[in-house]
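# Structural features, examined
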Amino acid sequence: MNGITAFALSDPIARLLGEWSMGLNTYSIILRIAVAVIFASVIGCERSSKRHSAGLRTFVLISFASTVSMILDIYLMMSYSFSVPVLSAATIIGTAMVSGNSILFSSRNQIKGLTTSAGLWACGILGFTIGAGLYTVTVFLLCILACFPSLEIYLKNRSNHFEIHLELKSSEYLQDFVAVIRRLGLRIDDIESNLAYVGSGLSVYTITITINSAELKKYKTHKEIIEALSSLEYIYHIEEMR
């Protein structure tokens, strides 16, 4: 019995499913691939819904490739006495390259795509663990998917820094908007004009804001601040950028 099989035998869910799920057979292979693809699809759908560079197919392919490579490595180690999981090692290097390429720098030297990159890497690891018969990892993934989004939204809404998309009826009102921001106890860290709206009759900006006021930090959320700003008559549209 190799080390990977021993780990599978100790997995609580594998023990509940029965001995067939611990070894390599047609049914256990189908189960492992299906579970890996399903959970990768959940992550991929969330990323696709937000129009990130890596979508559903990318996440599924990463997880599928990792699962299959781990299954093949187990087969080789059991049948031909291989001591090193060669295919899994090559796959994790490939996954790292793909996830690394999803990290981009915006025009303002801001890093974009970190969550997508981490998600791709996590899908690769997920594929390896499920391919090895460690099904319990899916329970932790379910907990992460169920609990962390709400926590992340809460923390972001209470952060001292946020970014807004602002549409003014005229560029002449930008100075007035900046004055209001300062009176509210906010600080503008960066203003970037959106040239895609040239000729539309609107002046559109991406603005990075920091909350300086201690009262705002304690009592007001980003949503409440934006709702207050939206009441200004010269603002056509304003929303927080996620």
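Treat the numbers as computed from the prediction; the structure is a model and nothing was measured.

A separate point is the packing of helix H6 (residues 114–131) against helix H7 (residues 137–157). One can describe the packing of H6 onto H7 by two numbers: an axis separation of 10 Å at closest approach and a directional angle of 145°. Contacts between H6 and H7 pair Leu-126, Thr-129 and Ile-130 from the former with Val-137, Thr-138 and Leu-141 from the latter. Taken together, the residues of the contact of H6 with H7 sort by class into four nonpolar, two polar and no charged.

The next point concerns the confidence of the model for the protein. In the predicted model, the protein carries a mean pLDDT of 80, and 85% of its residues have values of at least 70. The element-level mean pLDDT for the protein is lowest in strand S1 (residues 104–105), coming to 52, with helix H8 (residues 174–183) highest at 92.

Let us now look at the packing of aromatic side chains. Applying the stated criterion across every chain yields a total of one aromatic pair. Their ring planes at 5° and their centres at 5.0 Å tell us that Tyr-173 and Tyr-234 sit as a pair that is stacked. Of the two residues, Tyr-173 is situated in the loop between strand S3 (161–168) and H8 and Tyr-234 in the loop between helix H10 (222–229) and strand S6 (235–240); the sequence distance between them amounts to 61 residues. Judged by its relative accessible area of 10%, Tyr-234 is buried.

A few words now on the pairing of strand S5 (residues 203–211). Burial of S5 is extensive: nine of the nine residues sit out of reach of the surface. Side chains Ser-203, Tyr-205, Ile-207, Ile-209 and Ile-211 of S5 all project onto a buried face; the interleaved residues Val-204, Thr-206, Thr-208 and Thr-210 project onto the opposite face, where all are buried too. The pairing of S3 with S5 spans eight bridges and is antiparallel. Across the sheet, residue Phe-162 finds its bridge partner in S5, namely Ile-209.

Analysis parameters
Residues numbered from 1 in each chain as written. Predicted model: local features only at pLDDT ≥ 70, side-chain atom pairs only at ≥ 80, totals over all residues. Heavy atoms only, no water. Axes fitted to C-alpha atoms, helices over the stretch in contact; angles between N-to-C directions. Helix = DSSP H or I, 4+ residues; strand = E, 2+ residues; numbered from the N terminus. Contact = heavy atoms within 4.5 Å. Nonpolar A, V, L, I, M, F, W, Y, C, P; charged D, E, K, R; others polar. pLDDT = per-residue confidence, 0-100. Phe/Tyr/Trp six-rings, centres within 6.5 Å; stacked < 30°, edge-to-face > 60°. Buried < 20%, exposed > 50% of the residue type's maximum accessible area, 1.4 Å probe, protein only. Pairing = 2+ DSSP bridges.

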